[in-house]
Amino acid sequence: MSSAKDLLSQEELDFLLSPADSGEQDTGQAVAGRSEDDDDFFNDEKPDTDNTGIGIQKNDTDTTFQDGSSSLQESVLTERVFATLFERELTKNTDAYIALEYKDTLHMTYGAFQASLQEPACFALLDAKPAPGRMLFYCPPDITQAMSDVSLGTYPPCQIKRCPTALDNMLVQRLIRSLPDCIAMAWNLPYCDLRRHTTHKSDIFLTENQNNVRIASFVMLIENVRNNIYLAWED
């Protein structure tokens, strides 16, 4: 697992993990390489294109993995730290413009969540200890294809949908190899590892269909491709 200094400088990490003097987190700081215009792009209200909003309920409160605290502020900060870490790792491994921003936290049964996901796409099952256990990372088909394209130096990504090949799957898996380290660092976990990577949801088992899952929703932009991605675990 990579050390913290390999992914984020100590000064930057201290800033992200420390509350502002006013008791609220400063969300006005620009992520490296992102302009105010890009922030406006994220804030534009646009409909989801992957149909993952069906039946999802927003969560009013949230908890951290470590101590079960009900502080929404701490949880939102943690997810923003993850977004910053993972965005920088993805950008470092390509020459493309990639941006990732935390959106909100959602709740629904695993069966309903799984049914709403499109395929073929990027499904990555992870083990995180001591909590939350298994986690599911999902990118919809258009983001998955864009990941593969920019890994090969195709800018902007191809807009024509295609069935992913073995090469596409290998490129995406290689691009997200820093995912476990970013999760472990953001949530202060001693262990997180990639258990399985596949393109079909039937190959992934996170929990029983009727069990509730907590879903961290993020907006990802890869050059001219924008959509929601999700990180889910049992509630």
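Note that the coordinates shown come from a computational prediction; the quantities given were computed from them, not determined experimentally. (Residues numbered from 1 in each chain as written. Predicted model: local features only at pLDDT ≥ 70, side-chain atom pairs only at ≥ 80, totals over all residues. Heavy atoms only, no water.)

### A word on the confidence of the model for the protein
Stage number 1. Averaged over every residue, the pLDDT of the protein is 79; residues scoring 70 or more account for 68%.
Stage number 2. Confidence, read as mean pLDDT per element, is least for strand 1 (residues 57-58) in the protein (46) and greatest for strand 6 (residues 212-222) (97).
Stage number 3. Taken as a whole, residues 20-35 scores under 50 in pLDDT and shows 23 contacts with residues more than four places along the chain or in a different chain.
Stage number 4. Of the regions scoring below 50 in pLDDT, residues 45-73 engages in 69 contacts with residues more than four places distant in sequence or in other chains. (pLDDT = per-residue confidence, 0-100. Helix = DSSP H or I, 4+ residues; strand = E, 2+ residues; numbered from the N terminus. Contact = heavy atoms within 4.5 Å.)

### Section: the nonpolar core
Stage number 1. Core analysis: the largest hydrophobic core is formed by 43 residues, its most contacted members being F82, F86, F137, M147, I183, F218 and L231.
Stage number 2. Among the elements that make up this core, the one with the highest residue count is helix 4 (residues 72-92) (8 residues).
Stage number 3. Leaving out residues up to four positions away in the same chain, F218 has contacts with E79, F82, A83, L100, E101, Y102, K103, N227, N228, I229 and L231.
Stage number 4. By size, the runner-up hydrophobic cluster in this structure holds 16 residues, among which are L106, L117, L136 and I204. (Core = buried A, V, L, I, M, F, W, Y, C linked by side-chain atoms within 4.5 Å. Buried < 20%, exposed > 50% of the residue type's maximum accessible area, 1.4 Å probe, protein only.)

### Some thoughts on the environment of I229
Stage number 1. When you line up the elements, I229 lands in strand 7 (residues 225-234).
Stage number 2. Its relative accessible area of 0% is what places I229 among the buried residues.
Stage number 3. In sequence terms I229 and V219 are 10 residues apart; their C-alpha atoms lie 6.2 Å from each other.
Stage number 4. Excluding its chain neighbours within four sequence positions, the residues that come into contact with I229 are L100, F137, Y138, C139, P140, I143, A216, S217, F218 and M220.

### Things to note about helix 6 (residues 141-151)
Because each turn of an α-helix spans 3.6 residues, side chains separated by three or four positions end up pointing in the same direction.
Stage number 1. In terms of residue burial, helix 6 counts as a mostly covered element, since 8 of its 11 residues are buried.
Stage number 2. Looking at helix 6, one finds that the buried residues are I143, T144, Q145, A146, M147, S148, D149 and V150.
Stage number 3. Looking at the buried side of helix 6, the elements it contacts are strand 3 (122-129), strand 4 (133-139), helix 7 (166-175), strand 6 and strand 7.

### A few points about the pattern of salt bridges
Between side chains of opposite charge, a pair can form as their charged atoms come close.
Stage number 1. One pass over the full model with this rule turns up 5 salt bridges.
Stage number 2. Residue E89 pairs with K92 through a salt bridge whose shortest N-O separation is 3.0 Å. Of this pair, E89 and K92 are both found in helix 4, 3 residues apart, which corresponds to roughly one turn of the helix.
Stage number 3. For E89, a relative accessible area of 7% puts it in the buried group.
Stage number 4. Residue K92 is classed as exposed on the basis of its relative accessible area of 53%.
Stage number 5. Of the charged contacts, one joins D235 and R214 as a salt bridge, the two residues approaching to 2.7 Å between their closest N and O atoms. In this pair, D235 sits in the segment after strand 7 while R214 sits in strand 6, placing the two residues 21 residues apart along the sequence.
Stage number 6. A relative accessible area of 45% places D235 in the partly exposed class.
Stage number 7. Classification of R214 as buried rests on a relative accessible area of 9%. (Salt bridge = Lys/Arg side-chain N within 4 Å of Asp/Glu carboxyl O.)

### Here's the deal with helix 7
Stage number 1. Every buried residue belonging to helix 7 is among D168, L171, V172 and L175, and all of these are buried. Summarising the axial view, the buried residues of helix 7 lie within an arc of 95°, below the 170-degree limit, and thus occupy one face. (Arc of directions from axis to C-beta.)

### Re the packing of helix 6 against helix 7
Stage number 1. Contact pair helix 6 / helix 7: the axes reach a minimum separation of 9 Å and the direction vectors enclose 85°. Here helix 7 runs roughly perpendicular to helix 6, going by the angle between their axes. Where helix 6 abuts helix 7, its residues T144, M147, S148 and S151 lie against D168, L171, V172 and L175. (Axes fitted to C-alpha atoms, helices over the stretch in contact; angles between N-to-C directions. Parallel < 35°, antiparallel > 145°, perpendicular 65-115°, else oblique.)

### Focus: unusual backbone geometry
Stage number 1. Cis geometry is found at the peptide bond from E119 to P120, where omega equals -5°.
Stage number 2. Structurally, the position occupied by P120 is in the loop between helix 5 (110-116) and strand 3.
Stage number 3. Omega for the bond connecting A131 with P132 falls within 30 degrees of zero, at 10°, which places this linkage in the cis form.
Stage number 4. Topologically, P132 is positioned in the loop between strand 3 and strand 4.
Stage number 5. Positive phi outside glycine occurs at N188, with the angle close to 55°.
Stage number 6. Relative to the helices and strands, N188 is located in the loop between helix 8 (179-186) and strand 5 (191-198).
Stage number 7. One non-glycine residue, E223, lies in the positive phi region at around 55°.
Stage number 8. By the secondary structure assignment, E223 is in the loop between strand 6 and strand 7.
Stage number 9. Among the residues examined, E223 registers a relative accessible area of 26% and is labelled partly exposed.

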